[in-house]
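These are the residues of each chain, in order.
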Number of protein chains: 2
Amino acid sequence: MKPNFTVLKQQLAEIADLKAAAAVLEWDQQTFLPPGAEKGRARQIAALCRHLHRAASAPELGRTIDALEKQPPAPDTVEFALLRAARRHYDRCTRVPETLAEDLSATTAEAYADWLRAREEHDFRILAPRLEKIIELKRQYAALFAPEERLYDALLDDYEPGQTTAELDVVFAELRSRLPGLIDAVIAAQQSGPDFSDRAFPAAAQMAFSRDLVTAMGFDFQHGRLDLTEHPFTTDFGLDDVRITTHIDERDFLSCILSCVHECGHALYSLGIEPELNRTPLADGASLGFHESQSRLWENQVARSAAFWRAFLPHLHRYFPGQLADVSESDFLAAINRVRRSEIRIESDEVTYNCHILLRYDIEKELIHGRVRCADLPELWNEKMREYLHITPVDDTRGVLQDVHWPTGGFGYFPTYTIGNLLAAQLWELVHRELPGLDDRIAAGELQPLREWLRERVHRHGARYLPGELRQRLFGDARLQAGPFLRYLTARYLPEA
Amino acid sequence: MKPNFTVLKQQLAEIADLKAAAAVLEWDQQTFLPPGAEKGRARQIAALCRHLHRAASAPELGRTIDALEKQPPAPDTVEFALLRAARRHYDRCTRVPETLAEDLSATTAEAYADWLRAREEHDFRILAPRLEKIIELKRQYAALFAPEERLYDALLDDYEPGQTTAELDVVFAELRSRLPGLIDAVIAAQQSGPDFSDRAFPAAAQMAFSRDLVTAMGFDFQHGRLDLTEHPFTTDFGLDDVRITTHIDERDFLSCILSCVHECGHALYSLGIEPELNRTPLADGASLGFHESQSRLWENQVARSAAFWRAFLPHLHRYFPGQLADVSESDFLAAINRVRRSEIRIESDEVTYNCHILLRYDIEKELIHGRVRCADLPELWNEKMREYLHITPVDDTRGVLQDVHWPTGGFGYFPTYTIGNLLAAQLWELVHRELPGLDDRIAAGELQPLREWLRERVHRHGARYLPGELRQRLFGDARLQAGPFLRYLTARYLPEA
């Protein structure tokens, strides 16, 4: 490594360390903060973020990047990827005028309060004016990075580097044409399973079983923790401290278990990144979509499969002998794979889930390109719900107000969930080709062949490759594919077809 | 408040917020950090401290202070105290050359490693060379703030603003002449009490009782937490988030209980400071000695008293009905007030404790003034141990190597423990004069009269007054006093005398 790269790595390490510090404060805020300390904590995070922003947009960093770009490293080196990422982050950080950044931050903070109130009063109109303003600000933001006709691309790119609307349109069209029929068929064919909501599953046993599960998946408690929060999440403070959280509902034990598996899927990604990338912008997933592919693959492809529960159901029975006494393996699988249309995205199963994303994608593209007005959102939302899922939400709270993403400015985020689902299925096909007999290993409780394969093929690279480049390496084709996902759903839910 | 003070408060708030952020990272390091994340955390704290130092020594802050000092506020205003504290902190921060600060920080880090190894190998010589260097660096540091003949004053002043060696010499001489005889008499007179170390006190019950105790003391879980660490401590992230920790040994339940009371004493100080002082350098105790007076008053004067256990022993019996079945109130009091000479400071009772401090005070003054060489420390230590406590430590680990203070550069710190003990006794006399019947209230389990008195007389002022000023306000005399402490020990331990 040339001396100049040593300087760049030092400058980037400083930024990474401050970012980690901010993440510690946020983690503590979610897990252990005393209720009366919210205001103080918000100010501490804000102070830290000001210093982080200053470091990330420091002119010296810009000069280091400029100098290195004059003699660019070879395209297949880590240095090349590092310099590219440094440039990307630096530009995102410096190109946005301070007034716009402040305006966005203040407006989203206000909109978040509006959103809470709108949900309470079941009335979207409370949120509409500030949401309108956010959209205008996001358009201004996007215009810094893309021409008018590709504004939405610029927003996608924040979460999914290089992703275009044109490519998404193609693959989402395939889902749009195939999913509704598939949902009909699955619902018609499915067998009824038990409902556990009349039984109490003690919190301590849920937590103990969940710890066993993530340990079996390979979660490393030497470099991580599992704690409780209202909403489960994964965070990291560098690659040697990756923490996951879950939530517990004594009437819904599947939720805790599947959350743990999901978050552990994210955590294994971070824990599997090459240590040499630590404290650089490459110590991250290739994209949100790739990150979500890891959580979803473990949650859906693995932890809803017959093979997985062949291994772990006996163990679960030991923790809940009374509650599950009358539950057979096939009962349990029917329950964990139940498909039903819901008006709520986060309560949806893997068959109907992507319809919720298609709907949001349709709408947010229109909003960002100024072809739909905020005031018309509830009507448009409900129309699309009827079209995709034959459901009319009972009110705005269970309709257009259900997600926090838009009020907090997260336009372009939703598609990454579906990208994650598609990638998970594509990886699942690939790993079965490369590791014949994988299901038998899983059925024997051996999860390390899958984990090691994911580490070798995906995790260790971190953000070294752009999502398209990584797909090219993995699948020999950079394009997103809907086929593997549709085949996976069909195979799992319509095995007789 | 004049506009200039608004600017000063903003600049100080930024520093306070970053300091709080660093404290969060340190708290997490002690409580919940995964074992493999130590290195990363150290780097994050270092990065944060660099930004903190930059903010605390920013030229703009210096200019604000200079400008305000040209038209100083009236001496009895908060602004006066704020400006004085800002000047004090700014000078401490900017007057130390960067090379000296870095040299100190690197040498103490190395010395800490040496200290651990020296303890393991029971050999002071492993630590001696780096300790010698630390003393030389501390002399250079002190010389920035005081002339040669008052170097030790400059070190004292870091912890105990305005404290002079001359004043300490007087009051410590009184202790030196009175304590050894008192110890002899107490040991001769004391009755034997039960030893609980053959009984197991389950951790969960210890924790539950401790939570009850700190709640009764007035610890506010809306603005604080109680967690487990190897070494108990109190920290705060601003005045709305004050956290204490304790440790649990199933064979030594008194240790957990008394630690909780001690740390809660510190916490009540922080929680009692006027909210308007939050995010300023005045949101702190008047000095380490005053802080320690609060923890010690609750731990010793209160939680070793007959009145306190009249209220709380029945409650303790409910948590440990079997373990304490045969233990009467007088048995229990004898056990919790047992006096015996120990070679270890932190295992000492309140009667012998200050002898350990006198010894360290004698030695560190000589070290800083260059009148004793490091190589001679073990011999000098053991000689003084025999003189004060008639004990010869079995080896260096239980002798001169027992404390972490010197290897980490904490010269001038030890006396604050004794200052705390003296102040606690002086406050204890005062509160009994001002609140007649206090012991009866305590015996009824009512701790809020004492807490509210301490808040009104001590806590709410934070660091607004220098320790001498606060003593003048409280006692009508700024000088430290040994009398109340000696009277207190005599009354409690030699009631017949």
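Residues numbered from 1 in each chain as written. Chains lettered and ligands numbered in written order. Predicted model: local features only at pLDDT ≥ 70, side-chain atom pairs only at ≥ 80, totals over all residues. Heavy atoms only, no water.

A. Region of interest: the sheet that holds strand E2 (residues 234–236) of chain B. Residues and elements named next belong to chain B. Pairing in this open sheet of three strands is mixed, and the strands run E1-E3-E2 from one edge to the other. Of all strands in the sheet, those bounded by a partner on one side alone are strand E1 (224–228) and E2. Across the sheet, the mean angle from the axis of one strand to that of its neighbour is 20°, orientation sign disregarded. Those strands touched by helix H10 (residues 253–272) are E1, E2 and strand E3 (242–246), and its axis lies near 170° from that of E3. (Pairing = 2+ DSSP bridges. Helix = DSSP H or I, 4+ residues; strand = E, 2+ residues; numbered from the N terminus. Axes fitted to C-alpha atoms, helices over the stretch in contact; angles between N-to-C directions. Contact = heavy atoms within 4.5 Å.)

B. Inspection of the environment of Gly285 of chain A at higher detail. Residues and elements named next belong to chain A. Tracing the sequence through the fold places Gly285 in the loop between helix H10 (253–271) and helix H11 (288–302). With a relative accessible area of 7%, Gly285 lands in the buried category. Each C-alpha atom, one on Gly285 and one on Leu430, is 19 Å from the other, the two residues being 145 residues apart in sequence. In this structure, Gly285 is in contact with Tyr269, His291, Gly462 and Ala463, ignoring residues within four places of it in sequence. (Buried < 20%, exposed > 50% of the residue type's maximum accessible area, 1.4 Å probe, protein only.)

C. Representation of the interface of chain B and chain A. The partner chain A presents 35 residues to the 35 residues of chain B that form the contact. Both sides of the chain B and chain A interface together cover about 2900 Å² of buried area, and 52% of this is carbon and sulfur. By the criterion of area lost to chain A, the three top residues of chain B are Phe32, Gln44 and His51 of chain B, representing 18% of everything that side buries. At the boundary of chain B with chain A, the tally comes to six salt bridges. With a shortest N-O distance of 2.8 Å, Glu14 of chain A and Arg50 of chain B are connected by a salt bridge. Elements with a contribution of two residues or more to the side of chain B that touches chain A: helix H1 (3–31), helix H2 (38–56) and E1 of chain B. Across the side of chain B that touches chain A, the residue classes break down as 15 nonpolar, eight polar and 12 charged. (Buried area = accessible area lost by both parts, 1.4 Å probe. Salt bridge = Lys/Arg side-chain N within 4 Å of Asp/Glu carboxyl O. Nonpolar A, V, L, I, M, F, W, Y, C, P; charged D, E, K, R; others polar.)

D. Geometry of the side chain of Arg451 of chain B. Residue and element names in this part refer to chain B. Among the secondary structure elements, Arg451 is positioned in helix H18 (residues 448–457). For Arg451, a relative accessible area of 14% gives the class buried. With near-sequence residues (within four places) excluded, Arg451 lies in contact with Ala216, Met217, Gly218, Leu268 and Trp298.

E. Molecular detail of the sheet that holds strand E1 (residues 224–228) of chain A. All names here are of chain A. Pairing is mixed across the open sheet formed by three strands, whose spatial order is E1-E3-E2. On the outer flanks of this sheet lie E1 and strand E2 (234–236), each paired with one strand and no other. The sheet shows a mean angle of 20° between the axes of neighbouring strands, direction not considered. Pairing of E1 with strand E3 (residues 242–246) involves five bridges; the strand directions are parallel. Note that in E3 the partner of Arg225 across the bridge is Arg243. Along the sheet, helix H9 (residues 203–217) makes contact with E1 and E3, crossing E1 at roughly 155°. Contacting E1, E2 and E3, H10 crosses the sheet at an angle of about 170° to E3.

F. Examining empty space enclosed by the protein more closely. As enumerated under the stated definition, the model contains three cavities of 30 Å³ or more in all. As a volume, the largest cavity reaches approximately 60 Å³. What lines the largest cavity is Trp115, Phe124, Leu127, Leu131, Arg360, Trp381, Val400, Asp403, Trp406, Pro407 and Phe414 of chain B. Quantified by volume, the second largest cavity comes out at close to 50 Å³. Lining the second largest cavity are Arg296, Asn300, Gln301, Glu350, Tyr353, Asn354, Asn421, Ala424, Phe485 and Tyr488 of chain A. Of all the elements in the fold, those that place two or more residues in the lining of the second largest cavity are H11, helix H14 (353–368), helix H16 (415–434) and helix H20 (483–493) of chain A. Residue contributions to the lining of the second largest cavity peak at three residues, all from H11 of chain A. (1 Å grid on protein atoms, 1.4 Å probe; cavity = no way out; pocket = protein on both sides within 12 Å on 5 of 7 lines; lining within 4 Å. Points joined across faces, edges and corners; volume = space filled by probe spheres on them.)

G. Examining the pattern of salt bridges more closely. All names here are of chain B. In this structure the tally under the stated criterion is 89 salt bridges over all chains. One salt bridge connects Glu69 with Arg87, and the closest N-O pair in it is separated by 2.7 Å. Highlighted residues: Glu69 in helix H3 (residues 59–69) and Arg87 in helix H4 (residues 78–94), separated in sequence by 18 residues.

H. Layout of the pairing of E3 of chain A. Residue and element names in this part refer to chain A. Counting buried residues along E3, five of its five residues qualify, which places the element largely inside the surrounding structure. Bridge analysis of E2 against E3 gives three bridges, and the strand direction is antiparallel. Looking at the pairing, Thr235 lines up with Arg243 of E3. As consecutive antiparallel partners, E2 and E3 are separated by five residues, and within that stretch Gly238 has a phi angle of approximately 90°, a positive value.

I. Structural context of the relation of the copies chain B and chain A. Note on the copies: chain B fits chain A at an RMSD of 0.0 Å, the axial shift is 0.0 Å, and the rotation between them is 180°. The operation mapping one copy onto its partner corresponds to a two-fold rotation axis. By residue overlap, the copies meet face to face through one surface: 100% of the interface positions of chain B are interface positions in chain A. (Least-squares fit on C-alpha atoms with pLDDT ≥ 70 in both.)

J. Helix H14 (residues 353–368) of chain B, seen in detail. With 16 residues, H14 of chain B should reach 22 Å at 1.5 Å per residue; the first-to-last C-alpha distance of 23 Å fits that figure. Buried residues dominate H14 of chain B, accounting for 15 of its 16 residues. (Expected span 1.5 Å × (residues − 1).)

K. Summary view of the packing of aromatic side chains. Applying the stated criterion to the full structure yields 53 aromatic pairs over all chains. Here Phe196 of chain A and Phe253 of chain A contribute two aromatic rings whose centre-to-centre distance is 5.3 Å and whose plane-to-plane angle is 65°, an arrangement assigned as edge-to-face. Of this pair, Phe196 of chain A sits in the loop between helix H8 (165–189) and H9 while Phe253 of chain A sits in helix H10, placing them 57 residues apart in sequence. Residue classification places Phe253 of chain A among the buried positions, given a relative accessible area of 2%. With 5.8 Å between their ring centres and 5° between their planes, Trp406 of chain A and Phe411 of chain A make a pair best called stacked. Taking relative accessible area as the criterion, Phe411 of chain A reaches 0% and is therefore assigned buried. For the cation-ring pair, Lys138 of chain B lies above Tyr141 of chain B, with the distance from its terminal atom to the ring centre recorded as 5.0 Å. Lying over the aromatic face of Phe221 of chain B, Arg211 of chain B brings its terminal NZ or CZ to 4.1 Å of the ring centre. (Phe/Tyr/Trp six-rings, centres within 6.5 Å; stacked < 30°, edge-to-face > 60°. Lys NZ or Arg CZ within 6 Å of the ring centre and 35° of its normal.)

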